[in-house]
Amino acid sequence: MNELNVVTSNEGKYKEYKRKLSEIYSTKMCHIDYPEIQSDILEDVVAYGLDCLHEYRPLVIDDSGLFVDPLNNFPGVYSAYVMKTIGNEGILRLLENKEERAAYFKCVIGYMDEKGDKRLFEGICKGNISYRSKGRGGFGYDPIFIPENHEMTFAEMSIDQKNVVSHRGIAMDNFLKYLKESK
Ligand code: ITT
C-alpha cells in the first residue's frame, strides 16, 4: 500500500494520525503551506485545500475547531488565530465566573485517494471547558477541554485515550471504516 501523506503543520495532530492509522497505512507528515479560504464552514475549507494539494495524493488534511456554547460558538473557525493570540488563558478569562461551560470540538478530515477522488469524514466530541488549565500532553486547547463522561482534560490523557473519544479519533474511525469497506 502507498504511503499516506498527512499534510499538516501540527505535530500533535500528526502523532494522533500515525497512532491510529498505522493498522492500515504507513503515514508521512508533510508540512506544505496551502491556501485556506475564509469560510464559516470547516467542510468548505477542507474541500478547497484538497484541490490545492492533489499532487501529493494519497493524502489527508484536517481542519478542526473548538466551539464554546456560552461564547456563541467562539472561537470556532477562528480557533487557530485565537490560540495564537489570547490562548487558553484568554478562553478561561472569557468564562470567568460562568457555570455554563459546555463546548465541543469538531474535526473534518479531507481524503484524496490515488485517483483524485475526494471524501470528507467528520467527528464531534462534546464536553466542557475546565476551570483551570490541566495536563502536559496533547496540544492546543487540550489542557482546558474535558470530554463528556470524563474527569480528565485531553492533556491529561495518553494519545490512545484521547483517540478513543476525541473528534479526530471519531473522524479517523469513519475514515478507516470507509477504507476497509472500499477495498
Ligand atoms: P494544520 O496545519 O493542520 O492546519 P493547525 O494547528 O493550524 O494545523 P487547525 O486549523 O485545524 O490546525 O486547528 C485550529 C486550532 O485548534 C489550532 O490552534 C489547534 O491547536 C487547535 N486544535 C485542533 N485540534 C485540536 C485538538 O485535538 N486538541 C486541542 N486543540 C486542537
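See the structure printed just above.
None of these values were measured; they are calculated from a predicted model.

**Description of the packing of aromatic side chains**
We describe a pair of aromatic rings using the distance from one ring centre to the other and the angle between the two ring planes. Applying the stated criterion across every chain, the model contains 7 aromatic pairs. Between Phe-67 and Tyr-104 the ring centres are 4.9 Å apart and the planes differ by 5°, which places this aromatic pair in the stacked class. Remark: Tyr-104 occurs in strand β5 (residues 102-112) and Phe-67 occurs in strand β3 (residues 59-68); sequence separation between them is 37 residues. Exposure remark for Phe-67: the relative accessible area of 10% places this residue in the buried category. Where Phe-145 meets Phe-154, the ring centres are 5.1 Å apart and the plane angle is 40°; that geometry is what we call tilted.

**With respect to the pairing of β5**
Of all 11 residues making up β5, 10 are buried, and the element is well covered by its neighbours. Here β3 runs beside β5; their pairing, made up of 10 bridges, is antiparallel. Looking at β5, one finds that Val-68 is bridged to Ala-103. With 11 bridges connecting them, β5 and strand β6 (residues 118-129) associate as antiparallel partners. Pairing of Val-108 across the sheet is with Glu-122, part of β6. Hairpin connection between β5 and β6: a loop of 5 residues separates the two successive antiparallel strands, and Gly-116 in this loop has a positive phi of roughly 100°.

**Some details on the packing of helix α1 (residues 11-21) against helix α6 (residues 167-181)**
Geometry of a packed helix pair, given as the angle between the helix axes and the separation of the axes. Relative orientation of the contacting elements α1 and α6 amounts to 40°, with a least axis distance of 11 Å. Viewed along their axes, α1 and α6 adopt a mutual orientation that is oblique. α6 is crossed by α1, and the crossing has right-handed handedness. The residues of α6 that touch α1, namely those facing Lys-13, Glu-16, Tyr-17, Lys-20 and Leu-21, are Arg-168, Gly-169, Met-172, Asp-173, Phe-175 and Leu-176.

What counts as what
- Residues numbered from 1 in each chain as written.
- Predicted model: local features only at pLDDT ≥ 70, side-chain atom pairs only at ≥ 80, totals over all residues.
- Heavy atoms only, no water.
- Phe/Tyr/Trp six-rings, centres within 6.5 Å; stacked < 30°, edge-to-face > 60°.
- Helix = DSSP H or I, 4+ residues; strand = E, 2+ residues; numbered from the N terminus.
- Buried < 20%, exposed > 50% of the residue type's maximum accessible area, 1.4 Å probe, protein only.
- Pairing = 2+ DSSP bridges.
- Axes fitted to C-alpha atoms, helices over the stretch in contact; angles between N-to-C directions.
- Parallel < 35°, antiparallel > 145°, perpendicular 65-115°, else oblique.
- Left-handed = near helix turned anticlockwise from the far one by under 90°.
- Contact = heavy atoms within 4.5 Å.

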